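This is what each chain is made of:
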Amino acid sequence: MMTTKYGKKAQEEVGKALHEEKHHELKSGKSGKTVTSRKQAIAIGLSKARKEGAKVPSKRNATRH
């Protein structure tokens, strides 16, 4: 059985983003370049879900050591 990290709406958005990335249709923000990384596609999907008000944990901030 698979456990989910995010809510249902967030999973749908990530799924859509991964599908678009697989078919070379997903574009990044300002530059409009085609996304080539799965991690980048997931990040875009989560970002869209956040904007739509889905239950998604906040972004991790980089910490200095």
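Our subject is the structure that appears above.
Residues numbered from 1 in each chain as written. Predicted model: local features only at pLDDT ≥ 70, side-chain atom pairs only at ≥ 80, totals over all residues. Heavy atoms only, no water.

Moving on to the pattern of salt bridges. This model, assessed by the stated rule, comprises three salt bridges. Ionic pairing is found between E13 and K9, a salt bridge with its closest N-O pair at 3.9 Å. Pair noted here: E13 and K9 are both in helix 1 (residues 8-22), with a separation of four residues, about one helical turn. With a relative accessible area of 6%, E13 lands in the buried category. Residue classification places K9 among the partly exposed positions, given a relative accessible area of 35%. Note that K9 is salt-bridged to E52, the shortest N-O span being 3.6 Å. Of the two residues, K9 is situated in helix 1 and E52 in the segment after helix 2 (38-51); the sequence distance between them amounts to 43 residues. (Salt bridge = Lys/Arg side-chain N within 4 Å of Asp/Glu carboxyl O. Helix = DSSP H or I, 4+ residues; strand = E, 2+ residues; numbered from the N terminus. Buried < 20%, exposed > 50% of the residue type's maximum accessible area, 1.4 Å probe, protein only.)

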